Amino acid sequence: APLGDSTGSNNNKVGSSSAMANNVAASYGSNYANIPTQNKGLCTICDVNVWIVTSTGLEIKWCKGCKNFRPWAAFGDKGLATKCVRCRERQREKYALQKEEKEKARGMAKVRQSQQQQVRPAATVAIGRL
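A pair can form between side chains of opposite charge whenever their charged atoms are brought close. Taken as a whole and judged by the stated rule, the model has two salt bridges. Residue Glu89 pairs with Arg92 through a salt bridge whose shortest N-O separation is 2.4 Å. Within this pair, Glu89 and its partner Arg92 are both found in helix 3 (residues 85-129), separated by three residues, close to a single helical turn. Across the salt bridge formed by Glu100 and Lys104, the nearest N and O atoms sit 3.7 Å from each other. Of this pair, Glu100 and Lys104 both sit in helix 3, four residues apart, which is roughly one turn of the helix.

The following block contains the structure:
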């Protein structure tokens, strides 16, 4: 679930995305930073860091798959990964499906090619008899 209320608003939000990036970048290394509701305009350092919500102590990290902040625990054993476990699993399934579809397409192409090769000699023979 996204941070903030159901409207997507967040008390930590500042005016514009460039202001967000400047505000977060300026506070890098300090004890506090504004955590935006969107990742737009954030630098790579802020994008991959683990954030701590001071009011609750919750450790959160931006997931590039969900495009949302998720609890750090959702990244599983690979806490430095850019996608949470759920998104990595979804990506793994999608890749396996694409690979399977490519293999089917190659198999169909081979079948069509062998059928065409079988048809061509017969047509050549028929033309030769005329």
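Structure shown, so let's carry the discussion forward.
Bringing the nonpolar core into the picture now. Of all hydrophobic cores here, the largest spans six residues; its members are Cys46, Trp51, Val53, Ile60, Trp62 and Phe69. Where this core is concerned, the elements lending two or more residues are strand 1 (50-53) and strand 2 (58-63). Formed by five residues, the second largest nonpolar core is a distinct cluster that contains Ala74, Phe75, Cys84 and Cys87.

With that settled, the discussion passes to the sheet that holds strand 2. Strands sit in the order 1-2-3 across an open sheet of three strands; the sheet is antiparallel. Two strands close off the open sheet at either side, each with one partner strand: strand 1 and strand 3 (68-71). Here the average twist between neighbouring strands, direction ignored, is 40°. Across four bridges, strand 1 lies against strand 2 in antiparallel orientation. Each bridged residue has a counterpart across the sheet, and for Trp51 the counterpart in strand 2 is Ile60.

About the cut-offs
- Residues numbered from 1 in each chain as written.
- Predicted model: local features only at pLDDT ≥ 70, side-chain atom pairs only at ≥ 80, totals over all residues.
- Heavy atoms only, no water.
- Salt bridge = Lys/Arg side-chain N within 4 Å of Asp/Glu carboxyl O.
- Helix = DSSP H or I, 4+ residues; strand = E, 2+ residues; numbered from the N terminus.
- Core = buried A, V, L, I, M, F, W, Y, C linked by side-chain atoms within 4.5 Å.
- Buried < 20%, exposed > 50% of the residue type's maximum accessible area, 1.4 Å probe, protein only.
- Pairing = 2+ DSSP bridges.
- Axes fitted to C-alpha atoms, helices over the stretch in contact; angles between N-to-C directions.

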